[in-house]
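Each chain is listed here by its residues.
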Amino acid sequence: MFLRSIFLASYFILIVLFSAFLKYYDTLENFLVSSFDFHKEKLVVYDYIIGGGSAGSLVAKRLAEDSNKRILVIEAGKRDFGFYNVPSMGILLQNSPFDWQYTTVPQKTACFALPNNSSRWPMGKILGGTSMINNMLYMRGHKSDFDEWFKDYKEYDYNDILYYFKKLERLIPVRDLIFHTILPDILLKAVVNLGYETPKENLNCQLGYSKPKTILHNGKRWTTAELIKQGKITNIDIRYGCVVEEIMMKSNFEAYGVKYRYSGRKYVVYAKLGVILSAGVIGSAKILMLSGIGQKKHLKEVQIPLKVDLPVGHNLHDHVTTGFDLVLINQTLDIGIEQILSPLSLWKYFSKGIGPWTTTGCELIAFFNTRNTSERPDLQFMIMPLALKEDNGIYLRHLMGIPSSVYSTYFATNKQPAITILPVLLHPKSKGFVKLNKNDPYSSPVIDPKYLTDPQDVETLIKGIKFIKELVESDELKSIGAQFNYKPFPGCELYQFNSDKYWECYVRHLTMTSYHPIGTCKMGHPEKKSTVVNYDFQVKTTSKLFVVDGSVLPTETSGNINGAILMLAEMASDKIKRIDYLLIGKCHILEIFNIMGSNSEINKNKIK
Ligand SMILES: Cc1cc2nc3c(=O)[nH]c(=O)nc-3n(C[C@H](O)[C@H](O)[C@H](O)COP(=O)(O)OP(=O)(O)OC[C@H]3O[C@@H](n4cnc5c(N)ncnc54)[C@H](O)[C@@H]3O)c2cc1C
């Protein structure tokens with residue numbers, strides 16, 4: 001007990017020191033950039049301008065394979081610092097200046113246990129984007145997901161999807177978990193006895209339980225930013241700390257550059273061949289709307305002159321989860337605060353890149369079709385050896401946005417250790433939207449995922465909780481003292497425990513994001529009213545304007561989404577190169593210099 005208190009105190013001090021470091025590092029960098037105008041002398045006309053997130057960095061690398069092309073990567077966040085690549089540090093970047101720190105609007109049918117009925121939505125604000133703060137799990141998605149996305153595309157062939165996944169997997173380090181506790185092996189034994197499949201490798205999200213694959217290299221977090229970091233490729237320039245505010249378009253809606261702000265000053269930069277938005281599910285939708293591409297009625301509300309009427313920001317989906325600390329056990333597994341902070345773990349990590357510091361959190365995943373209707377899963381389990389209360393409410397509960405009243409009355413009262421089995425709703429029927437609050441790039445957008453508005457979503461999550469119960473009652477789980485947590489959740493005490501009404505109340509209270517928002521610039525057949533980009537990733541009605549990131553996914557994949565986003569980035573790179581090839585001979589450089597005209601301010605690349 002005494003030892004645990006010492007470890008908890010050290011953990012608290014580390015969190016405080018690290019958070020202070022992140023804050024002051026950011027302030028110092030802001031001060032340095034405001035003292036110099038790095039951008040004055042930089043190139044003003046590139047072939048392509050692109051964002052620096054998960055998808056954007058990959059597309060930049062692919063386009064730069066043609067050494068004649070000059071690529072500019074523009075990233076709103078700062079550069080990373082070596083220490084951020086320690087896998088277990090990712091969660092400390094959340095709620096820091098490296099996170100956009102979005103929150104949803106109050107939910108009418110969900111999130112009742114969260115402050116203001118709103119969910120936190122972390123998103124990376126750093127080169128590498130959200131991959132710098134994610135859990136590093138890698139999977140592709142189920143074949144039916146891609147069949148659904150491309151059903152209107154006459155050239156569609158699933159083999160092309162596999163081709164791009166395999167191309168991607170030759171580029172990125174996909175590997176087994178480096179560290180896990182005894183939990184996944186115990187569970188795998190249990191589920192075999194319960195009659196579930198246990199595929200050895202499950203990149204394609206087949207039904208059954210398996211250990212996940214991760215994106216890790218030499219024990220470190222790896223993101224696509226590694227492919228483009230300065231100095232690695234000479235025809236890519238990276239501008240950090242630059243917030244893109246608007247796309248510049250000619251009267252025929254051909255994109256030719258962007259306006260951005262850096263350290264309080266406004267700049268413009270031009271692109272001959274294309275502007276590729278990769279600012280993520282919120283960022284890309286926001287930039288399009290600020291540029292006059294969006295739904296007519298909404299743009300009128302926020303007083304932005306309409307250029308192209310498209311349903312930007314609609315079709316927002318997210319994977320939803322619930323179920324923290326539902327399974328209690330009678331022993332600690334080898335990954336508590338004590339193990340993570342022990343000198344042995346530190347030595348293992350810094351000498352060999354192994355041990356608990358490489359943890360991705362999740363040690364086993366499972367896929368189910370709760371209705372037995374097809375081979376395509378509609379529910380996923382993310383299984384972790386830790387509980388939310390592991391750090392006595394010091395940090396983890398803040399990450400999840402659990403208020404102290406709920407923490408103290410529910411989570412803190414269980415004295416036993418716990419594990420986490422999160423049921424994740426894979427194909428939500430509920431969908432919402434992202435809108436601008438006002439015509440201001442720095443105003444937080446209105447994010448409304450409309451969680452659990454469709455009753456079928458609640459039913460699926462309840463079925464997931466019932467599967468957890470089945471697992472807990474297995475002999476193997478009983479060997480570690482597993483039992484269901486029978487404490488009623490605050491706000492649901494009036495319902496009979498374990499009844500469907502109780503579980504409905506529970507999931508509507510403890511509704512959490514599984515961090516996979518998608519869909520705000522939906523890709524699909526250009527004649528469909530609901531689509532924003534076509535199958536070439538081009539924004540409809542415009543030219544030389546592309547979107548490549550999580551916002552184009554028309555629907556959720558049957559698993560964690562980064563793999564599918566990166567596969568699309570591979571596909572988009574080829575499509576953009578092909579469009580460029582078709583444009584050869586129609587170089588618009590002279591036209592661009594005409595646009596720049598004799599305005600000396602613009603010639604200096606600075607507009608204010
Ligand atoms: C906590 C967490 C855990 C996750 N775990 C996993 C996981 O284990 N496996 C998995 O597959 N998926 C996971 N995800 C989801 C996955 O990481 C993201 O869906 C994916 O990284 C999104 O990639 P993207 O290219 O669409 O956007 P991002 O990677 O977010 O890139 C967008 C970039 O654009 C920048 N930007 C935004 N606006 C502007 C602007 N106006 N000007 C300039 N730059 C701008 C941002 O700073 C960012 O760098 C997780 C997500 C979170 C939050």
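Please read all numbers here as calculations on a predicted model, not as lab measurements. (Residues numbered from 1 in each chain as written. Predicted model: local features only at pLDDT ≥ 70, side-chain atom pairs only at ≥ 80, totals over all residues. Heavy atoms only, no water.)

Asks: Go over the state of the cysteines, please, and point to the residues and values.
Replies: Applying the stated criterion across every chain yields a total of 1 disulfide. Paired through a disulfide, cysteine 492 and cysteine 505 show a sulfur-sulfur distance of 2.1 Å. Sign of the S-S torsion, about -85° for the bond between cysteine 492 and cysteine 505, identifies this disulfide as left-handed. Within this pair, whereas cysteine 492 is found in the loop between β23 (483–484) and α15 (500–509), its partner cysteine 505 is found in helix α15, the two being separated by 13 residues in sequence. Residue class for cysteine 505 comes out buried when judged on its relative accessible area of 9%. Cysteine cysteine 362 remains unbridged, with the sulfur of cysteine 205 as its closest cysteine sulfur at 12 Å. (Disulfide = S-S within 2.5 Å. Helix = DSSP H or I, 4+ residues; strand = E, 2+ residues; numbered from the N terminus. Buried < 20%, exposed > 50% of the residue type's maximum accessible area, 1.4 Å probe, protein only.)

Asks: Lay out the nonpolar core in plain terms, naming residues and giving numbers.
Replies: Ranked by internal contacts, the top residues of the largest apolar core, which has 90 residues, are Leu288 and Leu568. Discounting chain neighbours no more than four positions away, the residues touching leucine 568 are Trp149, Phe150, Met523, Phe537, Val548, Val552 and Leu553. One finds Tyr102, Leu326, Phe411 and Ile465 within the second-largest nonpolar core, a separate group that totals 75 residues. (Core = buried A, V, L, I, M, F, W, Y, C linked by side-chain atoms within 4.5 Å. Contact = heavy atoms within 4.5 Å.)

Asks: Lay out the domain arrangement of the protein chain with the relevant residues and their values.
Replies: When the domains of the protein chain are assigned, the result is domain 1 (1–36), domain 2 (43–80 + 135–176 + 228–314 + 519–590) and domain 3 (86–125 + 178–211 + 316–435 + 444–517). The C-alpha-based centres of domain 1 and domain 3 are spaced at 27 Å. Of the roughly 1400 Å² buried where domain 1 meets domain 3, counting both sides, 80% is carbon and sulfur surface. Three residues stand out in domain 1 for area buried against domain 3, namely Arg4, Phe7 and Tyr11, and they jointly supply 42% of the buried area on that side. Counting across the interface, domain 1 meets domain 3 through 1 residue pair in polar contact (both at pLDDT 80 or more). Residues belonging to the side of domain 1 that touches domain 3 are distributed by class as follows: 9 nonpolar, 1 polar and 3 charged. (Domains from an automatic or database assignment. Buried area = accessible area lost by both parts, 1.4 Å probe. Polar contact = N/O pair within 3.5 Å; in protein donor to acceptor, adjacent residues only side chain to side chain. Nonpolar A, V, L, I, M, F, W, Y, C, P; charged D, E, K, R; others polar.)

Asks: Talk me through the site of the ligand; I want residue IDs and the actual numbers.
Replies: Looking at the ligand, there are 35 residues lining it, with Glu75, Thr130, Val244, Gly550 and Asn562 nearest. Within the contact set of the ligand, a nitrogen atom lies 3.0 Å away from a backbone nitrogen or oxygen of asparagine 135. Residues belonging to the shell around the ligand are distributed by class as follows: 16 nonpolar, 16 polar and 3 charged. Lining the shell around the ligand are residues from two domains, each supplying at least three of them: domain 2 (43–80 + 135–176 + 228–314 + 519–590) and domain 3 (86–125 + 178–211 + 316–435 + 444–517). (Near = heavy atom within 4 Å.)

Asks: Which residues make up the environment of arginine 397, and what values go with them?
Replies: Considering the arrangement of structural elements, one finds arginine 397 in helix α11 (residues 396–400). For the pair arginine 397 and tyrosine 407, spaced 10 residues apart in the sequence, the C-alpha separation amounts to 7.5 Å. The residues contacting arginine 397, other than those within four sequence positions of it, are Leu388, Ile402, Pro403, Ser404 and Tyr407.

Asks: Provide a residue-level description of the UniProt feature "binding site: FAD" (unreviewed entry) in the protein chain, including the pertinent values.
Replies: Those residues carrying the UniProt feature "binding site: FAD" (unreviewed entry) are Thr130, Val244 and Gly550 in this numbering. Checked against the element boundaries, threonine 130 lands in the loop between β4 (120–121) and β5 (137–138). Threonine 130 gets classed as partly exposed once you look at its relative accessible area, which sits at 33%. Residues contacting threonine 130, with those up to four places away along its chain left out, are Met123 and Gly124. Relative to the helices and strands, valine 244 resides in strand β11 (residues 242–249). On the basis of relative accessibility, which here comes to 18%, the residue valine 244 falls in the buried class. (UniProt positions renumbered as here; feature names shortened; annotations may be inferred.)

Asks: Would you mind going over the UniProt feature "transmembrane region" (unreviewed entry) in the protein chain in detail, with residue names and values included?
Replies: In the numbering adopted here, UniProt assigns the feature "transmembrane region" (unreviewed entry) to residues 7–25, 45–64 and 269–290. The span residues 45–64 is 50% helical and 35% strand by assignment, and the distance between its end C-alpha atoms comes to 15 Å.

Asks: Can you lay out the environment of tyrosine 11 for me, pointing to particular residues and giving the numbers?
Replies: One can find tyrosine 11 in helix α1 (residues 2–35). Each C-alpha atom, one on tyrosine 11 and one on glutamate 476, is 32 Å from the other, the two residues being 465 residues apart in sequence. Contact partners of tyrosine 11, with chain neighbours within four places excluded, come to Ile337, Leu341, Asp391, Ile394, Tyr395 and Leu396.

Asks: Go over the pairing of strand β2 (residues 71–74) with me, naming the residues and quoting the values.
Replies: Residue alternation in β2 divides its side chains into two sets, Ile71 and Val73 and Leu72 and Ile74, and both sets are buried. Running through helix α2 (residues 54–63), the crossover from strand β1 (residues 45–51) to the neighbouring parallel element β2 is right-handed. The sheet contact formed by β2 and strand β10 (residues 236–239) spans 4 bridges and is parallel. In the sheet register, isoleucine 74 faces β10, and the bridge partner there is arginine 239. (Right-handed = clockwise from strand over helix to strand, strands pointing away. Pairing = 2+ DSSP bridges.)

Asks: Go over helix α5 (residues 158–171) with me, naming the residues and quoting the values.
Replies: Quick reminder: α-helices carry 3.6 residues per turn. Residues three or four places apart thus point the same way. Its 14 residues place the ends of α5 20 Å apart at the C-alpha level, agreeing with the 20 Å of an ideal helix rising 1.5 Å per residue. Residues of α5 that are buried: Tyr158, Ile161, Leu162, Tyr164, Phe165, Lys167, Leu168 and Glu169. Against the buried residues of α5 lie α2, β5, α4 (143–149), β6 (174–176) and α16 (562–583). The N-cap of α5, judged by a side-chain oxygen 2.9 Å from the amide nitrogen of asparagine 159 a few residues on, is aspartate 157. (Expected span 1.5 Å × (residues − 1).)

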